[in-house]
Amino acid sequence: YRRSPTLREGWWNWGGITGPVTLIARGPIVMHDAGLLPQRHCDRRGCRWSVLADGWLENVGDRPRRPSVSVTLRAPDGTLSRGSAAVRSLRPGERLRVRYSVPVRGEPKLWSPEHPDLYGATVATHAAGRVVQLDRRHVGLRRVDVVDGMLRLNGRVLDLRGASVQEDVPGRGPALTNADIQNTVAELKALGVNVTRAHYLLDSRLLDRFDEEGILVWSQAPVYHRDMQLKTKAGRSFELGAVRRTVLEARNHPSVITHSVANELSPRPDVMHSTGAFLNTAREVAEDLDHSVPASVDVLAWPGFPKQRIYDRFDLLGLNSYFGWYQGDKGHETGNLADLEPFLRKARRYYSRQALVMTEFGAEATMDGPADLKETYSFQAQYVDANLSLIERLGFMSGAIYWTLREFAVKPDWDGGAERTDVERDAIHNKGLIDYKTGERKPAWNVAAGHFAQTPLYRSAPSRAVAAVTEEGPKADGGLGATALTGGVVGLLLTLAGAMLWLWRDIWRFGDEPEPAPAFPAGDPDHERRLELVA
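Residues numbered from 1 in each chain as written. Predicted model: local features only at pLDDT ≥ 70, side-chain atom pairs only at ≥ 80, totals over all residues. Heavy atoms only, no water.

Colleague: Is there a simple way to think about the overall build of the protein in this case?
Modeller: From N to C terminus, the protein includes nine helices and 25 strands. Long-range contacts, defined as pairs at least 24 residues apart, comprise 70% of the intrachain contacts of the protein with a sequence gap of at least 6. Working note: accessible area of the protein is about 23,500 Å², and carbon and sulfur atoms make up 54% of it. (Helix = DSSP H or I, 4+ residues; strand = E, 2+ residues; numbered from the N terminus. Contact = heavy atoms within 4.5 Å. Areas by Shrake-Rupley, 256 points an atom, 1.4 Å probe, with all protein chains shown as cover.)

Take a look at the structure:
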C-alpha cells in the first residue's frame, strides 16, 4: 500500500502496517490512551510532584457498568505511590474522560539526560470488582518550560544539539527490526547528540530507548505543507486527528520535550486564516492532551515576512533554515548563508518570549571536490561548521538539529537543491551524515561530532540586559522584514507603515482574499467541546 503521490512529502511514501503490532484481549470496560503526566506544584511550603492520570473509559459491554481506575508508581528506589478514582455508571457504548492526580511519595527522582531515572507504572481498569485491563508504562518526572525566551529542563537552560532521523533501512524501509532500533540509538550516541527529531511519530521502541538513554526528542505530528488540505473542514479535521494521535502516543515518554503540531505551513498564517485557525486549535489540542511540555510549530526560515501573531501563541518555535543551500523565492531569498544571522536576530526581536531552535539545516553531499561547489563532501562539512559556529555564537538560540543523521529514500525526481543537470538521480536524499547504501560516515560527521562534544547540555541564561544587546547585533540587510528601526515615535510609525506595506504586498503577491475564520467539525466524540473553538 502506498499513499497518494500528490502528497508533498519528499521522503518515500511508505504505507500499510510497518511497526510492531500487539493483540490485546478486551474486557467490557476499555481504557483508551492511558497517559501518566508529571506535574510539579510549588507553594510557600515547598514543591511536590504528582502524576496526572488521563484517559478515556468506554463501556463496550451490553449493560451499564461503573468502572474505576487505579495507578501504582514504583520509584527507582522501590518506593510505591498509589491513587485511584471511580466514575459514574456508563451506559453501553458510552465513553467518558477520567483525569486525577496521584501524589508521588518519597524523594522525587527526576528524569534528565544525565540521570534518566524512570518510575515503573501500572494503570489498572476495574469493573465489577475485577481487573479488566492492565496498562504498563514508564514515567519520568521532569519539567519542561520556556522562561524569558529560553527552553529549560528542570529549571536549567538547555543548549540542544542533534540530528534528525528517518525510519528507513535499505531492504526494509521503515519496518525496523530490534537491531535497527539499537543501531539508530548507537549512531546518535556516537555522534554525541542530546536531541533528535522526525517529521512523524517515531517507533515506540525507539522512544522507549530514548527514554532509557536520555536522548531528548522533538516530536512532531505529520502535518507537512498542508495549507491546501486545511482549506476544507474535512481536511482540517483529518490533520487535527493526526496531531491528536501523535500527542497521545508520545506523551508518556519523558524524552519528548515538545509536541510540534505542524511543519512548514504557510509563512503567513495571519493572512491564511484556515492555516492560522488550524494552528491555534492544534496548539490547544496538544496543550490539553499534554500540559507537561510546551507546544511548538516548525516554520520555514524565509526572510521578508512580517511578524505573525499566531506564533505568539506558542512558547517554542522551530526554524527550518537552508540559507546558503536553497535559493528561496523572489523577495524571500535564502541563497546567501551570511543572511542567516540577520534573520535569526530579527526572529529574536519578533518573538522575544518564545524559545527558538533551528530545527533543520543541511546540505547534500555525494562526491569529492572543492568546498565552494555544492554537493561535495567539503561543501557539506564547511556548511555544518558555519551553521553550528553561528548558533554557538548567538546566545539567544536554544539549539540546532541537523537534517539528517542518515540518508533515506525519496521520490524519484528528487534533486536535493544542488540543481545539477549532469548527474542521474537515484531517489536518495543525500543530506544525511551517513551514506544510505554503504553506511559510511561522511566528513561532515566529524565536524558535527566535534561541535557537539564541545557544547554542554546546559548553559547559563543570559541576563535580560545582555540578551537585549546580543539580540540587536549588527545592522544588516535581510532578516524577517525590513532593516532594524530605532528612534522612538518615528521608529514606531515607520514600523506600523512597514507592516501594512508587507501585508498589502503579501495579499497582492499571492492573490489571497482574507477568508473568515473557519469552524472546525466536532472531531472525536471524546474530545472536549472547547477544543472545537478557533481564534
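Colleague: What is the right way to read the packing of helix α5 (residues 340-350) against helix α6 (residues 377-393) from this model?
Modeller: The axes of two packed helices give the description: the angle between them and the distance between them. With their axes 11 Å apart at the nearest point, α5 and α6 run at an angle of 35 degrees to one another. Two packed elements cross with a definite hand, and for α5 against α6 that hand is right-handed. Contact residues: L340, E341, L344 and R345 in α5; N387, L390, I391 and R393 in α6. Here the residues of the contact of α5 with α6 are counted per class, giving four nonpolar, one polar and three charged. (Axes fitted to C-alpha atoms, helices over the stretch in contact; angles between N-to-C directions. Left-handed = near helix turned anticlockwise from the far one by under 90°. Nonpolar A, V, L, I, M, F, W, Y, C, P; charged D, E, K, R; others polar.)

Colleague: Which parts of the structure should I look at to understand the side chain of S260?
Modeller: For S260, the position within the fold is in strand β14 (residues 256-263). Classification of S260 as buried rests on a relative accessible area of 2%. Polar contacts involving the side chain of S260 include one to the main-chain carbonyl oxygen of A262, which spans 3.2 Å. Side-chain polar atoms of S260 contact the side chain of D298, separated by 3.1 Å. (Buried < 20%, exposed > 50% of the residue type's maximum accessible area, 1.4 Å probe, protein only. Polar contact = N/O pair within 3.5 Å; in protein donor to acceptor, adjacent residues only side chain to side chain.)

Colleague: Any chance you could explain helix α4 (residues 273-289) here in plain terms?
Modeller: In an α-helix there are 3.6 residues to a turn, and that puts residues three or four apart on one side. For α4, spanning 17 residues, the distance from its first C-alpha to its last is 24 Å, which sits close to the expected 24 Å at 1.5 Å a residue. With respect to burial, α4 is a largely interior element, 14 of its 17 residues being buried. (Expected span 1.5 Å × (residues − 1).)

Colleague: Just to check I follow, could you spell out the pattern of salt bridges for this structure?
Modeller: Should their charged atoms come close, side chains of opposite charge can pair. As enumerated under the stated definition, the model contains 37 salt bridges in all. In this structure, D298 and R197 form a salt bridge, with 2.9 Å as the shortest nitrogen-oxygen distance. You can see D298 sitting in strand β15 (residues 295-300) and its partner R197 sitting in strand β12 (residues 195-197), a full 101 residues away along the chain. Neither residue differs from the other here; D298 and R197 are each classed as buried. Measuring nitrogen to oxygen at the nearest pair gives 2.8 Å for the salt bridge that ties R345 to E341. (Salt bridge = Lys/Arg side-chain N within 4 Å of Asp/Glu carboxyl O.)

Colleague: Explain the sheet that holds strand β4 (residues 80-86) here, please?
Modeller: Backbone-to-backbone hydrogen bonds join strands into a sheet, with any given pair of strands oriented parallel or antiparallel. The strand order β4-β3-β6-β7 describes an open sheet built from four strands, whose pairing is antiparallel. Looking along the sheet, the strands with just one partner apiece sit at the ends: β4 and β7 (130-139). When the angles between neighbouring strand axes are averaged without regard to direction, this sheet yields 15 degrees. Pairing geometry for strand β3 (residues 68-74) and strand β6 (residues 119-127), over seven bridges, is antiparallel. In the sheet register, T72 faces β6, and the bridge partner there is T122. (Pairing = 2+ DSSP bridges.)

Colleague: Could you clarify how one ought to interpret the nonpolar core in this entry?
Modeller: Across soluble globular proteins, you tend to see nonpolar side chains buried next to one another. L191, F278, L279 and L344 are the most contacted members of the largest nonpolar core, which has 83 residues in total. The element best represented in this core is α6, accounting for seven residues. Not counting residues within four places of it along the chain, the set of residues in contact with L344 comprises L319, L390, I391, L394, F396 and M397. In terms of nonpolar packing, the next biggest core, distinct from the first, is built from 26 residues, L36, A85, L90 and A121 among them. (Core = buried A, V, L, I, M, F, W, Y, C linked by side-chain atoms within 4.5 Å.)

Colleague: Please explain the pairing of β3 as it appears in this structure.
Modeller: Consecutive side chains of a regular strand alternate in pointing toward one face of the sheet and then the other. Here seven bridges tie β3 to β4, and the two strands are oriented antiparallel to one another. Across the sheet, S68 pairs through a bridge with A86, a residue of β4. Where β3 folds back on β4, the antiparallel hairpin that results is connected by five residues, among which G78 adopts a positive phi of roughly 95 degrees.

Colleague: Please explain the environment of H259 as it appears in this structure.
Modeller: The residue H259 is located in strand β14 in this model. Distance from H259 to P294, taken between C-alpha atoms, is 6.9 Å for residues 35 residues apart in sequence. Ignoring sequence-local partners within four residues, the contact set of H259 consists of S219, V247, A250, R251, A286, D290, V293, P294, A295 and S296. Of the polar contacts made by the side chain of H259, one reaches the side chain of D290; its length is 2.8 Å.

Colleague: Explanation requested: a nonpolar patch on the surface in the structure shown.
Modeller: Where nonpolar side chains cluster on the molecular surface, the patch consists of I17, V21 and L23 and spans about 410 Å² of accessible area. Structurally, the position occupied by I17 is in the segment before β1 (29-43). (Patch = residues over 30% accessible without salt bridge, like charges linked within 9 Å, V, L, I, M, F, W, Y side chains within 5 Å.)

Colleague: For this particular structure, what's the right way to read the side chain of E187?
Modeller: If you trace the backbone, E187 turns up in helix α1 (residues 178-191). Note on E187: relative accessible area 12%, which makes it buried. In this view, E187 contacts L405, R406, I434 and W445; residues no more than four positions away in its chain are not counted.

Colleague: What exactly am I supposed to notice about the sheet that holds β1 here?
Modeller: The strand order across the open sheet built from three strands is β1-β2-β5, with neighbouring strands paired in antiparallel fashion. If you trace the sheet from one side to the other, it starts and ends with β1 and β5 (95-103), each paired once. Shown here is a sheet whose adjacent strand axes are inclined to one another by a mean of 20 degrees, direction ignored. The pairing of β1 with strand β2 (residues 46-59) spans 13 bridges and is antiparallel. Considered in β2, the bridge of L37 is made with L52. Relative to the sheet, α4 contacts β1, β2 and β5, its axis offset from that of β5 by approximately 55 degrees.

Colleague: Whenever I open this one, the packing of α6 against helix α7 (residues 443-453) confuses me. Can you help?
Modeller: Close contact between α6 and α7 brings their axes to 8 Å; oriented N to C, the two are set at 15 degrees. The angle between α6 and α7 places the two elements in the roughly parallel class. Of the two possible hands of crossing, α6 and α7 adopt the one that is right-handed. Here Y377, Q380, A381, V384, D385, L388, S389 and E392 of α6 lie close against α7, whose contacting residues are P443, A444, V447, A448, H451 and F452. (Parallel < 35°, antiparallel > 145°, perpendicular 65-115°, else oblique.)

Colleague: Please explain α5 as it appears in this structure.
Modeller: With nine of 11 residues buried, α5 is to be regarded as a mostly interior element. Turning to α5, its buried residues number three or more, namely L340, E341, P342, F343, L344, R345, K346, A347 and R348.

Colleague: What's the story with the environment of E239 in this structure? I'm lost.
Modeller: Here E239 lies in helix α3 (residues 233-250). A sequence separation of 23 residues divides E239 from A262, and the C-alpha atoms of the two residues are 9.1 Å apart. With sequence-adjacent residues up to four places away left out, E239 is seen in contact with P222, V223, R226, Q229, L230 and F278.

Colleague: What is the right way to look at the packing of aromatic side chains in this model?
Modeller: The way to describe two aromatic rings as a pair is by their centre distance and the angle between their planes. Within the structure shown, the criterion is met by eight aromatic pairs. Ring geometry for W325 versus F379: centroids 5.7 Å apart, planes at 55 degrees, classification tilted. Within this pair, whereas W325 is found in the loop between β16 (316-320) and β17 (328-329), its partner F379 is found in helix α6, the two being separated by 54 residues in sequence. W325 gets classed as buried once you look at its relative accessible area, which sits at 0%. Residue class for F379 comes out buried when judged on its relative accessible area of 10%. Look at F379 and Y383: their rings are 6.2 Å apart centre to centre, the planes differ by 15 degrees, and that puts the pair in the stacked class. On the criterion of helical spacing, the pair formed by F379 and Y383 is a turn pair, its members being four residues apart in helix α6. (Phe/Tyr/Trp six-rings, centres within 6.5 Å; stacked < 30°, edge-to-face > 60°.)

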